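A look at the structure
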Amino acid sequence: MADIDTALGLEPGARVRVPEDRGLPSTTGTVVLGSDGKTYHNINGHAYTPLSVKRDDRGHTEVWPSNRIDILSK
């Protein structure tokens, strides 16, 4: 999982891996819209920032919390 400081600095073009979700397999993708600079906390207190990621397998863009993705390259 991405730490919040690294996630806040991600820019479009960064490569990430998103987990399996709602019947879709885990896949790689490209950040198309980086962080808005804000930090949020989930119900368990984990910090995250939303990132827009274009999936390689389906070609559409999804918003993912940074604490659920793995960063492959910046």
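Read on for an overview of the structure. What you see is a predicted model, and the numbers here were worked out from it, not measured in a lab.

**Concerning the nonpolar core**
Of all hydrophobic cores here, the largest spans 11 residues; its members are Ala2, Ala7, Leu10, Ala14, Val16, Val18, Val31, Leu51, Val53, Trp64 and Ile69. Listed by contribution, the elements that provide at least two residues to this core are strand 1 (15-18) and strand 5 (50-55). With residues up to four places along the chain from it excluded, the contact list for Val53 reads Val16, Val18, Gly29, Thr30, Val31, Val32, His60, Thr61, Glu62 and Trp64.

**Quick notes on the pattern of salt bridges**
Going through the model one piece at a time under the given rule, you end up with 5 salt bridges. Among the salt bridges present, the one from Asp57 reaches Arg55, with a minimum N-O distance of 2.9 Å. Since its relative accessible area comes to 39%, Asp57 is described here as partly exposed. Between Glu62 and Arg55 there is a salt bridge, with its nearest N and O atoms 3.5 Å apart. In this structure, Glu62 and Arg55 share a single accessibility class: buried.

**A word on the environment of Val16**
Residue position: Val16 is located in strand 1. Given the relative accessible area of 0%, Val16 is considered buried. Spatially, the C-alpha atom of Val16 lies 9.4 Å from that of Ala2, the residues being 14 residues apart in sequence. In this view, Val16 contacts Leu10, Thr27, Thr28, Gly29, Val31, Val53, Ile69, Asp70, Ile71 and Leu72; residues no more than four positions away in its chain are not counted.

What counts and how
Residues numbered from 1 in each chain as written. Predicted model: local features only at pLDDT ≥ 70, side-chain atom pairs only at ≥ 80, totals over all residues. Heavy atoms only, no water. Core = buried A, V, L, I, M, F, W, Y, C linked by side-chain atoms within 4.5 Å. Buried < 20%, exposed > 50% of the residue type's maximum accessible area, 1.4 Å probe, protein only. Helix = DSSP H or I, 4+ residues; strand = E, 2+ residues; numbered from the N terminus. Contact = heavy atoms within 4.5 Å. Salt bridge = Lys/Arg side-chain N within 4 Å of Asp/Glu carboxyl O.

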